[in-house]
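# A structural walkthrough
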Amino acid sequence: MTAGAWLCLAAPLAGALAITLAGTRISRTVAAWISTVSVFVAFAGAVWSFFGLRAHGSEHPALTTAWTWLQSGDFKVGLQLLVDPLSTMMMLIVSGVGGLIVLYSIGYMHHDPEERRYFAYMSLFVFSMLLLVEGGNLLLLLVGWGLVGLSSYLLIGFWHERPTAVAAAKKAFVMNAFGDATMALAFFVLIAHTHSLAFATDFNVHLSSTATNLIALGLLGGAAAKSAQIPLHTWLPDAMEGPTPVSALIHAATMVTAGVYLIARTHPIFEQARTVELVAAGMGALTLLVAGLVALVQTDIKRVIAYSTMSQIGYMFLGAGLGAYANGMFHLMTHAFFKALLFMAAGVVIHALDGEQDMRNMRGIGAQLRWTKLAFLVGSLALVGLPPFAGFFSKDSIIAAALHAHWYGVILWVVALVGTFLTGLYTFRMYFIVFGPGEARTRHYGEGPWTMLLPVGVLSLLAIVGGWIQFAPIWTPLTHWLEPVARTLPVAEPTSFQEGLSSALAVVLGLAGIGVAWALYAGRRPVPRWAGLQRTLEHKFYFDEAYDALFTRPAAALASMLRDGPERDWFITTPTELGDDTITVARGVRRIQTGLLRTYVLFLGGGMAVLAVVLLVTK
Amino acid sequence: MLGPSTAWYLGVSAFLFGTGALGVLIRRNPLIVLLSLEIMLNGANLALIAFSRHASNGAGQIFALAVMAVAASEVCVGLGLVVAIHRRRLALDVDRFSELRG
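Treat the numbers as computed from the prediction; the structure is a model and nothing was measured.

## Topic: the overall build of chain A
When helices and strands are counted, chain A shows 23 helices and two strands. The 619 residues of chain A split such that 52% are buried. For chain A, contacts bridging at least 24 residues in sequence account for 82% of all contacts bridging at least 6.

Here it is in structure tokens:
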């Protein structure tokens, strides 16, 4: 089964290298298929590992070490892969959904002049993400973490001739680098105290609570940046500048879920720092609320979906922060299905309208894209969490888990329920605007080739049945599967009454949200507006403006001040003057170089005499 | 110890060295410069031998022999240069060879 893990990791890397090295010697179609096949081979490897682990029993994880990678004193890090329930689950999601997205890209990117580069990046991205989830110690996880940041930068800025795309890529990279830095600092503290970066199943080392809290905070910083949680979330909506399949890959299957994976993976540390873990839960709750509100006023279809991603990751953070790791991971999985579906269905619409992303210009397209409309509806219902769609099963158990954390938990519970109402509202606002009645625009491409429709179909199916593998508290194979690695804390296990109450309320509120959306947006009635609220929402709660005023502008002002002050006066003038002075001195000194033998002898003799006198005097 | 004291020898040695140095500094004929150089070396040799005798240590004498060997080779090269200069019908004047001035 470890061979499967190695295959899973190596295939996308080989694909990326092959496409890069072959360059223009292979046609675009060949490059696209190399990438697709490499990711599906990775999926096969993941399936192989999964069945291998099942045969062994999920309580026997396999850690395989290729070689010692780093050694310094008693600190040793190996190039290790870990096959355990958590990593196989992530491998399956990443390579499976990733493969479908790459397949979809073949159709979507067909007209793009730089397809080869695109597919090389896609393979690299999948490789990075697989390294992140398969790495057998925290250092390899960090390597994957950084590579994911790099490849997301490359993909978000793929259309490099658009200044907005370049800016968005930079923003994503800087925000992520911030998280990487806090994570690296946490690792330093960890190395200093425990001399190890191995994944610990129980974190029993005697550490001061300060050290533990610092480590947990650092890890939380990394997780929040990668998963776009407040306050490090501003990069995610801007990242919609990339091609739509990239958005699907980043926002559904891979990158943004890494934070949840990190919390589940390092939960022994977080459990020792319970306060930080509860901060993570609160962060998730705040994010799901804010993102849900902002999504209400967006007009760009991809941005609405992006905010809904932030909101759903907020649910996952809420679950993982409360200690319901399995529920968080379960929601991660179903979210990967329906969010990839929504993005790709939106991609079909955008593709059909030749790049149009404004929802208001899409009205009437539903009549021409019937299958896409249906797929979008399935994705939306799964997102809102209505039974029997996938979101229902995963979201409600997270909401129920909140009820156990005293008054704090009740607040989180209420916020999460408000979130379901908002989810229903913004999702179906989007649905009714895009597929609502209206005069159809001329269509350009239709529903697209089979490479686009097949993944949408498969994911529609998964968005329906994907949640059926677990129905807490009656039927919990997934929780059981993850138990050896990420056992749900007893405090996060709701009673069946709480579970039932939360589910019922969530469904009712979701339906209410849909109802309000129908009343407001389905017809042609004017939508009520509150100017102040709308302005706040359209400015995304002024996060970008605040960061601009707090960090960007002072940094730019300081930089220009330093440039006009010390830099020009000292660092540019001084070297020039130094050079000029050297030349002046050299001109003077040159005179004693007469070329006459006697002068040299005189200097030699004089020097000797002086030395002799000095020696005599000092002796 | 027979003969004059070491100080006398050193006096003669310093005189020889000074004479030689003066010759090197003020004469322009390369031949004379070479001769003066020899006188300087011999002044140094005399000092070495005087100290050797003073300290009853043979090392100084060995040094003097080595200096003589070096002096002989140096004279060979020096005279060779003088002959080469003469063959090219250049003036035998060290001050004329100052192309390396700054």
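## Here we look at the overall build of chain B
A tally of regular secondary structure across chain B gives three helices and zero strands. Secondary structure elements of chain B, listed N to C terminal, follow the sequence α-α-α. Whereas a compact globule of 102 residues would reach a radius of gyration of roughly 13 Å, chain B reaches 17 Å, over 25% beyond that. For chain B, buried positions account for 11% of its 102 residues. The long-range share in chain B, meaning contacts at least 24 apart out of those at least 6 apart in sequence, stands at 49%.

## What to know about helix H2 (residues 30–55) of chain B
All names here are of chain B. An ideal rise of 1.5 Å per residue puts 38 Å on 26 residues; H2 measures up with 37 Å between its terminal C-alpha atoms. All buried positions along H2 are accounted for by Val-33, Met-40, Leu-41, Gly-43, Asn-45, Ala-47, Leu-48 and Ala-50. Residues of H2 that are buried in the fold lie against helix H1 (6–26) and helix H3 (59–87). Following H2 by one or two positions, Ser-56 adopts a phi angle in the positive range, close to 50°.

## A word on the interface of chain A and chain B
Counting from both sides, the interface comprises 11 residues of chain A and, opposite them, 10 residues of chain B. The element best represented in the side of chain A that touches chain B is helix H23 (residues 597–618) of chain A, accounting for five residues.

## Let's talk about the nonpolar core
Membership of the largest hydrophobic core comes to 197 residues, with the highest contact counts inside it found for Leu130(A), Ala340(A) and Leu341(A). Looking at this core, the element that brings in the most residues is helix H14 (residues 325–352) of chain A, giving 20 residues.

## A word on the pairing of strand S2 (residues 75–83) of chain A
In this sheet, S2(A) lies alongside strand S1 (residues 62–72) of chain A in antiparallel orientation, the contact comprising eight bridges. Considered in S2(A), the bridge of Gln71(A) is made with Lys76(A).

## What to know about the domain arrangement of chain A
The domain boundaries assigned to chain A delineate domain 1 (137–193 + 207–538) and domain 2 (546–618). Here domain 1 of chain A and domain 2 of chain A have C-alpha centroids that lie 60 Å from each other.

## A word on the pairing of S1(A)
Consecutive side chains of a regular strand alternate in pointing toward one face of the sheet and then the other. By the criterion of burial, S1(A) is predominantly exposed, with just zero of the 11 residues buried. Count of turn residues in the S1(A)/S2(A) antiparallel hairpin: two residues, of which Gly73(A) carries a positive phi of about 65°.

## Notes on the packing of helix H12 (residues 274–295) of chain A against helix H13 (residues 301–322) of chain A
Residue and element names in this part refer to chain A. Packing of H12 against H13 leaves a shortest axis separation of 7 Å and a crossing angle of 160°. In terms of orientation, H12 and H13 fall into the roughly antiparallel class. Here H12 runs over H13; the crossing is left-handed. Residues belonging to the contact of H12 with H13 are distributed by class as follows: 18 nonpolar, seven polar and one charged.

## Re the confidence of the model for chain B
Per-residue confidence for chain B gives a mean pLDDT of 89; residues scoring 70 or more make up 98%. What the predictor reports for the complex is a pTM of 0.77 with an ipTM of 0.78.

## Regarding unusual backbone geometry
Pro231(A) follows Ile230(A) through a cis peptide bond whose omega is 10°. Looking at where Pro231(A) falls in the secondary structure, it is placed in the loop between helix H7 (209–226) and helix H8 (235–238). The omega torsion across Pro387(A) and Pro388(A) is 0°, close enough to zero to call that bond cis. Even without being a glycine, Ala228(A) presents a positive backbone phi close to 55°. Looking at the element boundaries, Ala228(A) is found in the loop between H7 and H8. One non-glycine residue, Ser56(B), lies in the positive phi region at around 50°. Tracing the backbone shows Ser56(B) in the loop between H2 and H3. Of the residues examined, Ser56(B) has 7 C-beta atoms within 10 Å and is grouped as exposed.

## Overview of H7(A)
All names here are of chain A. For H7, with 18 residues, the first-to-last C-alpha span of 26 Å sits near the 26 Å given by 1.5 Å per residue. Burial analysis of H7 places 13 of its 18 residues in the buried class, the great majority of the element. Note on H7: the residue one or two positions beyond its end, Ala-228, has a positive phi of about 55°.

## Some remarks on the packing of helix H10 (residues 258–265) of chain A against H13(A)
All names here are of chain A. The contact between H10 and H13 brings their axes to 10 Å, and the two run at 5°. The pairing of H10 with H13 is recorded here as roughly parallel in orientation. Taking contact as the criterion, the partners of Val-260, Ile-263 and Ala-264 in H10 are, on H13, Ile-313, Met-316, Phe-317 and Ala-320. Split by residue class, the contact of H10 with H13 holds seven nonpolar, no polar and no charged.

## Regarding the environment of Gly438(A)
Residue and element names in this part refer to chain A. Counting through the fold element by element, Gly-438 comes out in the loop between helix H17 (406–435) and helix H18 (450–465). Distance from Gly-438 to His-160, taken between C-alpha atoms, is 35 Å for residues 278 residues apart in sequence. Setting aside residues up to four positions removed in sequence, Gly-438 forms contacts with Arg-363 and Gly-364.

## Some thoughts on the environment of Ala21(B)
Note that Ala21(B) resides in helix H1. Among the residues examined, Ala21(B) registers 18 C-beta atoms within 10 Å and is labelled partly exposed. Every residue in contact with Ala21(B), bar those within four places of it in the chain, is listed here: Gly605(A) and Met40(B).

## Observations regarding the environment of Ser308(A)
Residues and elements named next belong to chain A. Within the element layout of this structure, Ser-308 appears in helix H13. Sequence separation of Ser-308 and Tyr-426 is 118 residues, and the distance between their C-alpha atoms is 8.3 Å. Residues in contact with Ser-308, not counting those within four places in the same chain, are Ala-295, Leu-383, Thr-423, Tyr-426 and Thr-427.

Calculation criteria
- Residues numbered from 1 in each chain as written.
- Chains lettered and ligands numbered in written order.
- Predicted model: local features only at pLDDT ≥ 70, side-chain atom pairs only at ≥ 80, totals over all residues.
- Helix = DSSP H or I, 4+ residues; strand = E, 2+ residues; numbered from the N terminus.
- Buried ≥ 20, exposed ≤ 12 C-beta atoms within 10 Å, placed from the backbone.
- Contact = placed C-beta atoms within 7 Å.
- Rg over C-alpha atoms; globule rule 2.2 N^0.38 Å.
- Expected span 1.5 Å × (residues − 1).
- Core = buried A, V, L, I, M, F, W, Y, C linked by C-beta atoms within 7 Å.
- Pairing = 2+ DSSP bridges.
- Domains from an automatic or database assignment.
- Axes fitted to C-alpha atoms, helices over the stretch in contact; angles between N-to-C directions.
- Parallel < 35°, antiparallel > 145°, perpendicular 65-115°, else oblique.
- Left-handed = near helix turned anticlockwise from the far one by under 90°.
- Nonpolar A, V, L, I, M, F, W, Y, C, P; charged D, E, K, R; others polar.
- pLDDT = per-residue confidence, 0-100.

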